[in-house]
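Structural description and commentary
One letter stands for each residue in the lines below.
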Amino acid sequence: MEYTSTRNAACRVDASRAIIQGLSEDGGLFVPVGFPRADLGALAGLDYPALAAEILGLYLTDYSPSFLRAQAREVYGSTFGGKAGWVSEVEPGLYSLELWHGPTCAFKDYALQLMPRLLAQAKRSLGRTETTLVLVATSGDTGKAALAGCRDLAGVRVAVFYPTGGTSEIQRLQMATQEGQNLAVYAVEGNFDDAQAGVKRAFTDPALAAALAGRGVRLSSANSINWGRLAPQIAYYFFAWARLAEKGRLAPGQRVDFCVPTGNFGDILAGWYAKQMGLPVGRLICASNKNRVLTDFFETGRYDARRTFYKTESPSMDILVSSNLERLLWHLSGSDEAVRGWMDALGKNGGYTVPGPMRKALQADFAAGSADSSEAAAELRRRYEQNHYLCDPHTAVAFKAAREQKGSAPMVVLSTASPFKFPRAVLAALGQPVPEDDFAAMAALEEYTGARAPASLAGLKEKPVRFTETILPGAIGGAALRSC
Ligand SMILES: *Cc1c(COP(=O)(O)O)cnc(C)c1O
């Protein structure tokens with residue numbers, strides 16, 4: 001499979017190069033030039049690692065099938081406790097695809113456990129000997145998932161920067177206690193935007209690049225614009241469908257609707273790729289929190305990022321510019337020129353409008369819905385009281401959109417984080433008293449629901465804190481240099 005850039009039709013690279021490079025030189029995202037067909041019959045009986053290797057093999061054609069099978073087995077086997085692609089029935093016709101049984105309790109493990117290995121292999125096959133330094137600005141989930149996925153990997157180092165006033169206490173400890181010899185974690189004075197702006201400056205700082213080059217180091221990002229982060233997410237759509245078919249929950253030829261709590265548009269776009277590959281998907285429902293840029297876009301065809309930014313209880317969806325949408329725009333328009341125009345307008349005027357036929361094409365595949373904080377909290381409580389099903393605040397946003405959009409087709413909601421990652425917000429939504437301390441809240445949530453917190457979260461309390469340094473945003477470049 002070849003890849004091109006959304007902003008330059010002349011560009012052609014293989015998957016290895018797309019993964020090493022992350023972003024095309026023209027600023028565009030790498031996209032596959034076609035959609036491979038999946039053989040649904042052959043996928044039906046496979047376990048998760050085997051199915052993931054099959055799907056990845058269709059896109060990563062320059063990797064050997066045996067390499068992909070071995071990596072998928074290591075990554076999606078015991079580290080997910082046998083629960084990779086776990087589908088839970090919430091009520092008849094409504095299912096939850098629980099994507100948080102991995103080591104860091106968020107769906108980002110599916111991509112970030114694998115991507116660093118794909119990167120290391122790409123460097124080997126292209127004969128690249130430099131050290132890759134992965135810089136991450138995180139509001140919580142990405143940083144921890146990148147640390148866990150890169151831990152002690154040869155030729156790769158990671159420096160994570162999280163805002164002092166941004167993550168939950170659980171999320172902070174997940175990062176500050178991370179083990180591994182090739183990792184560094186810094187708290188950055190300020191909010192997420194301060195940390196992100198500091199990391200962006202580091203990426204474009206020529207003095208830093210020169211100093212790093214002197215040490216044989218190149219910078220890379222673990223952000224979801226990398227094809228190596230998107231491709232692994234396609235597999236779980238196929239796996240969920242296969243589980244429903246196997247349980248006799250699908251009439252012959254029946255399509256499945258998926259509802260996805262969305263931020264950067266990576267997770268839901270993976271579902272759209274699955275549909276293009278022949279998976280019987282009905283509608284993809286894009287669920288947003290109060291930052292409902294995408295809801296408005298799918299309704300009106302106008303993308304408008306010039307609006308108030310809200311901080312919510314679902315912080316991983318607090319986003320105004322959803323980078324992966326650019327891939328969809330390219331596939332639907334088939335025009336790098338059109339994409340360049342829209343992205344220019346987004347940069348200059350904060351928005352753009354797609355033409356009518358394109359809006360219709362978008363609406364054929366996607367529906368959209370949103371939930372503000374009180375609606376999401378009410379939904380979380382409703383699912384618990386009606387179905388005894390406990391979900392996290394991100395997933396609650398999707399359950400609300402799913403309820404509004406439910407038709408006759410089975411609906412699968414993608415559940416993206418463990419509720420125990422956000423114990424205080426979950427208790428508040430359930431109308432329970434909320435202890436100040438996250439661990440006390442975790443215990444209270446166990447007590448109230450009878451559910452058990454994942455051991456990797458409950459065990460954080462006893463783990464020694466390794467990283468304690470707080471820096472100013474301006475010191476991020478220096479810290480990156482020190483960390484390698
Ligand atoms: C990252 C994240 C999302 C959003 O996923 P995108 O691929 O950015 O759309 C939703 N929920 C949780 C818990 C996340 O960590």
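As a reminder, the structure under discussion sits directly above these lines.
The paragraphs below set out a description of the structure included in this document. (Residues numbered from 1 in each chain as written. Predicted model: local features only at pLDDT ≥ 70, side-chain atom pairs only at ≥ 80, totals over all residues. Heavy atoms only, no water.)

**Thoughts on the overall build of the protein chain**
Counted only if it meets this: In this text, helices come from DSSP runs of H or I with a minimum length of four residues, and strands from runs of E with a minimum of two, each type numbered from the N-terminal end. For the radius of gyration, the atoms used are the C-alpha atoms, and the globule rule reads 2.2 Å times the number of residues raised to 0.38. For the exposure calls, accessible area comes from a 1.4 Å probe over protein chains only, and a residue counts as buried if that area is under 20% of its type's maximum, exposed if over 50%, partly exposed in between.
Looking only at helices and strands, the protein chain features 22 helices and 16 strands. The globule rule puts the C-alpha radius of gyration for 484 residues at 23 Å, and the 21 Å found for the protein chain is close to it. In terms of its C-alpha atoms, the protein chain occupies a principal-axis envelope of roughly 60 × 55 × 50 Å. Residue burial in the protein chain is summarised as follows: out of 484 residues, 58% are buried.

**Some thoughts on empty space enclosed by the protein**
Over the atoms rolls a probe the size of a water molecule, and in doing so it shows where empty space is left. Here is the rule: Any residue with an atom within 4 Å of a point lines the site, the site being either a cavity, points on a 1 Å grid over the protein atoms alone where a 1.4 Å probe fits but cannot get out, or a pocket, an open set with protein on both sides within 12 Å along at least 5 of 7 lines. Grid points are joined across faces, edges and corners, and a volume is the space filled by probe spheres set on the points. Each residue receives one of three labels: charged for Asp, Glu, Lys and Arg, nonpolar for Ala, Val, Leu, Ile, Met, Phe, Trp, Tyr, Cys and Pro, and polar for the others, Gly being one of them.
Taken as a whole and assessed by the stated rule, the structure comprises two cavities of 30 Å³ or more. Roughly 50 Å³ of internal volume is contained in the largest cavity. Contributing to the lining of the largest cavity are Leu-112, Met-115, Pro-116, Leu-119, Val-134, Cys-150, Ser-220, Ser-221 and Ala-222. No other element matches the three residues that helix H6 (residues 115–125) contributes to the lining of the largest cavity. When its residues are assigned to classes, the lining of the largest cavity shows seven nonpolar, two polar and no charged. Taken as a whole, the second largest cavity holds about 40 Å³ of empty space. Taken together, Thr-262, Gly-263, Ser-288, Asn-291, Val-293, Leu-294, Met-317, Ile-319 and Ser-322 make up the lining of the second largest cavity. When the residues that make up the lining of the second largest cavity are grouped by side-chain class, the tally is four nonpolar, five polar and no charged.

**Concerning the pattern of salt bridges**
Opposite charge on two side chains lets them pair, provided their charged atoms get close. To keep things clear, this is the line we draw: The salt bridge definition used is simple: a Lys or Arg side-chain nitrogen within 4 Å of an Asp or Glu carboxyl oxygen.
Inspection of the entire model under this criterion finds 29 salt bridges. Residue Asp-296 is joined to Arg-292 by a salt bridge in which the shortest nitrogen-to-oxygen separation is 2.6 Å.

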